[in-house]
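# Residue-level structure breakdown
Read off the chains here:
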Amino acid sequence: MTAVAGTSTTTPPVGAAGPSTGAASTPLNKKGAMDKSAFLRLLVTQMKHQDPLNPTGNEQMAAQLAQFSSLEQLQDMNATLTAQASGNAAIIASIQASAALGTLGKTVVAAGDAIVLDGTIDPSTVQVNASVNGASGVGVLTITDDAGHAVGSRSLGNVNAGPLTISLGAAATGLPAGNYHFAVDVTSAAGTITHATTYTTGRVDSVQSTPAGPVLISGPIVIPFSSVVEIKN
């Protein structure tokens, strides 16, 4: 074969890289997952670079298109549900804030064990509330200080399951003004000890907003609004 004058034929060395015909890498979204745009780009790239003598079959193409449609629907559904959840959370927060403001100046009963003795009344006459969720038995009231040290206790005699209203009585004799906590334990005839659910009672002086929801301020006591079980006038 005769070469044409002025031209040359160059054979690339073995192992040299030629022009790339592969598909470009498909980027992922910020979370590292393939979104619907990336999936569509991947599908188009596959069609551009498929072997014309062995193209993707109709069934396989239909399956891929169905996957793309399902992915798009799921992502749209997720976006809708996320928006609804955010909207519901905002509505609930607004309702809670409005309800919390309605407790100003009122007395609330909430899950808790705080007692405040202000020194203006006989501490033995102060009443606390509890609920026994178990068998009846002999109850014992224990008062502790802020450090957790027991500072007084008294027997309550036989108590039945259900709500209790208890006077501190002799357990508070001689206690100075301050912040305390209380517990009620009930021992059944079988020797089983039940820790009663205790409740804090206080008059709401102010309401504060926190990331965890509104809280009620009653003197030195901070009461999460979500723990309130009763509001009294």
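Quantities reported herein were computed from a predicted structural model and do not represent experimental measurements.

### Things to note about a nonpolar patch on the surface
On the surface, Leu74, Met77 and Leu81 cluster together into a nonpolar patch covering about 320 Å² of accessible area. Note on placement: Met77 falls in helix H2 (residues 58-101).

### Focus: the confidence of the model for the protein chain
Confidence in the prediction for the protein chain averages 80 pLDDT; 71% of positions are at 70 or higher. Of the regions scoring below 50 in pLDDT, residues 1-24 engages in 5 contacts with residues more than four places distant in sequence or in other chains.

### Focus: the sheet that holds strand E10 (residues 206-210)
Here we have 3 strands laid out as an open sheet, ordered E10-E11-E12, and antiparallel in their pairing. The sheet terminates laterally at E10 and strand E12 (221-224), the two strands that pair on one side only. Neighbour-to-neighbour, the strand axes of this sheet turn through a mean angle of 30 degrees, independent of strand direction. The pairing of strand E11 (residues 213-218) with E12 spans 4 bridges and is antiparallel. Each bridged residue has a counterpart across the sheet, and for Ile217 the counterpart in E12 is Val222.

### Digging into the pairing of E10
One ladder, built from 5 bridges, connects E10 with E11; its direction is antiparallel. Bridge assignment links Ser206 to a residue of E11, and that residue is Ile217. Remark: 2 residues form the turn of the hairpin made by E10 and E11, two consecutive strands paired antiparallel.

### A few points about the layout of surface pockets
If you add up the space inside the largest pocket, you get close to 380 Å³. The wall of the largest pocket is formed by 22 residues, among which Ile115, Val116, Leu117, Val126 and Thr201 lie closest to the centre. Those elements giving two or more residues to the lining of the largest pocket turn out to be strand E2 (114-117), strand E3 (127-132) and strand E9 (197-203). Grouping the amino acids of the lining of the largest pocket by side-chain chemistry returns 13 nonpolar, 7 polar and 2 charged.

### Quick word on the nonpolar core
With 21 residues, the main nonpolar core has Ile115, Leu117, Leu141, Ile143, Ile166, Leu168 and Val184 as its most contacted residues. At the level of elements, E2, E3, strand E4 (137-145), strand E5 (150-159), strand E6 (162-167) and strand E7 (178-187) are the ones that each hand at least two residues to this core. Here this core gets 4 residues from one element, more than from any other, and that element is E7. Setting aside chain neighbours within four positions, we find Leu141 in contact with Gly152, Ser153, Arg154, Leu156, Ile166, Ser167, Leu168, Ala171, Phe182, Ala183 and Val184. In this structure, Leu216, Ile221, Ile223 and Val228 belong to the second largest nonpolar core, which totals 9 residues.

### Looking at the sheet that holds E6
Pairing in this open sheet of 5 strands is antiparallel, and the strands run E6-E3-E9-E1-E13 from one edge to the other. This sheet does not close on itself; its edge strands, each paired only once, are E6 and strand E13 (228-232). The mean inter-strand angle of the sheet, taken between neighbouring strand axes irrespective of direction, is 25 degrees. Summarising the sheet, E3 and E6 pair through 6 bridges and their orientation is antiparallel. Pairing of Asn129 across the sheet is with Thr165, part of E6.

The rules behind each value
- Numbering of residues starts from 1 in each chain and follows the order in which that chain's sequence is written.
- Selection of residues for local features in this predicted model requires a pLDDT of at least 70, selection of side-chain atom pairs for listing and counting requires 80 or more, and totals for whole chains, interfaces and linings are taken over all residues.
- Hydrogens and waters are ignored; side-chain quantities use all the structure's heavy atoms.
- Like-charged residues within 9 Å of one another, or nonpolar side chains (Val, Leu, Ile, Met, Phe, Trp, Tyr) within 5 Å, are grouped into patches, provided each residue has over 30% relative accessible area and no salt bridge.
- Working definition of accessibility: Shrake-Rupley area with a 1.4 Å probe, residue cover restricted to the visible protein chains.
- Just to be clear on terms, a salt bridge is a Lys or Arg side-chain nitrogen sitting within 4 Å of an Asp or Glu carboxyl oxygen.
- Numbering of helices and strands starts at the N terminus; helices are DSSP runs of H or I of at least 4 residues and strands are runs of E of at least 2.
- Summary of the metric used: pLDDT quantifies the predictor's per-residue confidence within the range 0 to 100.
- The contact criterion used throughout is that any non-hydrogen atoms of two residues lie within 4.5 Å.
- Strands are treated as partners if at least two bridges between them are detected by DSSP.
- The angle between two axes is taken between their N-to-C directions and runs from 0 to 180 degrees, where each axis is a line fitted to C-alpha atoms and a helix contributes only its stretch in contact.
- Think of a 1 Å grid over the protein atoms and nothing else: a 1.4 Å probe that fits but is trapped marks a cavity, an open set flanked by protein within 12 Å on at least five of seven lines marks a pocket, and residues with an atom within 4 Å of a point count as lining.
- Grid points are joined across faces, edges and corners, and a volume is the space filled by probe spheres set on the points.
- Amino acid classes used here: Ala, Val, Leu, Ile, Met, Phe, Trp, Tyr, Cys and Pro are nonpolar; Asp, Glu, Lys and Arg are charged; the rest, including Gly, are polar.
- In plain words, nonpolar cores are sets of buried Ala, Val, Leu, Ile, Met, Phe, Trp, Tyr and Cys residues tied together by side-chain atoms within 4.5 Å.
- Burial status follows relative accessibility: with a 1.4 Å probe on protein chains alone, a residue under 20% of its type maximum counts as buried, one over 50% as exposed, and anything between as partly exposed.

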